[in-house]
Every structure is written in C-alpha cells, then in structure tokens.
Amino acid sequence: MYIYNVTTNIEESVHDEWLRWMKEIHIPDVMATGKFLSAKMCKVLVEEDMGGITYSVQFKTVDRASLQKYYKEDAPGLREDALRLFPGKFVSFRTELEIVSEH
C-alpha cells in the first residue's frame, strides 16, 4: 500500500473558500478517479513563518502503478483546477509514501 500525500499552505484570505472546495469538490473528484481507496485531510498544527494555514491530504492506493496512472490520466486536469481557482494563493508539494506497517 502507498500514500500519495499533498501538503498545501493556503493564504488566509481564501482559506474558507479553498477548504470548502477541497472537501466538497476536489477530494471527491480525486476519489472519483477510482485510483485511491481512501482520503484523509489533516490540518498541520505547526505555524509557518510564511503565514497561511497548512494542510496535508493523504490518499491511500494499493500500488505504485495506480499512482502512476493517476499522474498520467488525472493529475494534470485536477491540478489545473486549483491553479485556476486560487492563482498565487497557495504552495503545494507532493510526497509518495510506502506503508511499512499499520496497527
């Protein structure tokens, strides 16, 4: 199992709109691709020097092939939506994690 983690720092001026969009539109759209088993959104509690509010969204997938398929087939359009709706208002970075054990 793998986790596709997207960490985003969003400016406070658009925070509420972005958070609503993430919960009601973006995360459901990513899940609708059929490439992920579950999604979890967490607020990062460490304050950033640059300001803003930071979140981590973790999408669980069964294998790296599914993740690569997502990158090729779905990610470009979904990322474009965020850039179009919230231009210059956020910074994101992505991390791939392999689940070693769960308890």
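Calculation rules
- Residues numbered from 1 in each chain as written.
- Predicted model: local features only at pLDDT ≥ 70, side-chain atom pairs only at ≥ 80, totals over all residues.
- Heavy atoms only, no water.
- Phe/Tyr/Trp six-rings, centres within 6.5 Å; stacked < 30°, edge-to-face > 60°.
- Helix = DSSP H or I, 4+ residues; strand = E, 2+ residues; numbered from the N terminus.
- Buried < 20%, exposed > 50% of the residue type's maximum accessible area, 1.4 Å probe, protein only.
- Pairing = 2+ DSSP bridges.
- Salt bridge = Lys/Arg side-chain N within 4 Å of Asp/Glu carboxyl O.

**Focus on the packing of aromatic side chains**
A ring pair, where both rings are aromatic, is described by two values, the distance of the centres and the angle of the planes.
And step 1. Evaluated as defined, the whole model comprises nine aromatic pairs.
And step 2. Relative to Tyr55, the ring of Trp18 lies with its centre 5.4 Å away and its plane at 45°, an arrangement referred to as tilted. Of the two residues, Trp18 sits in helix α1 (residues 15–31) while Tyr55 sits in strand β3 (residues 53–61), which places them 37 residues apart along the sequence. You'll find Trp18 and Tyr55 in the same group, each marked buried.
And step 3. Grouped by ring-pair contacts, the aromatic residues Tyr4, Phe36, Phe59, Tyr70 and Tyr71 constitute a single cluster.

**Observations regarding the pairing of β3**
Side chains on a regular strand alternate between the two faces of the sheet.
And step 1. Most of β3 sits out of view: eight of its nine residues are buried.
And step 2. Examined bridge by bridge, strand β1 (residues 2–10) and β3 share nine bridges and lie antiparallel to one another. Residue pairing in the sheet places Asn9 in a bridge with Thr54 of β3.
And step 3. The pairing of strand β2 (residues 38–43) with β3 spans six bridges and is antiparallel.

**Digging into the pattern of salt bridges**
And step 1. By the definition in use, this model includes six salt bridges.
And step 2. Note that Glu73 and Lys35 form a salt bridge whose closest N and O atoms lie 3.0 Å from each other. In this pair, Glu73 sits in helix α2 (residues 64–73) while Lys35 sits in the loop between α1 and β2, placing the two residues 38 residues apart along the sequence.
And step 3. When its relative accessible area of 47% is taken as the criterion, Glu73 is described as partly exposed.
And step 4. Here Arg84 ties to Asp81 by a salt bridge, and the two come within 3.5 Å at their closest N and O atoms. Of this pair, Arg84 and Asp81 both sit in helix α3 (residues 75–85), three residues apart, roughly one helical turn.
And step 5. Residue classification places Asp81 among the partly exposed residues on the basis of a relative accessible area of 24%.
And step 6. Ionic contacts of the salt-bridge type, sharing partners, join the residues Lys35, Glu73 and Asp74 into one network.

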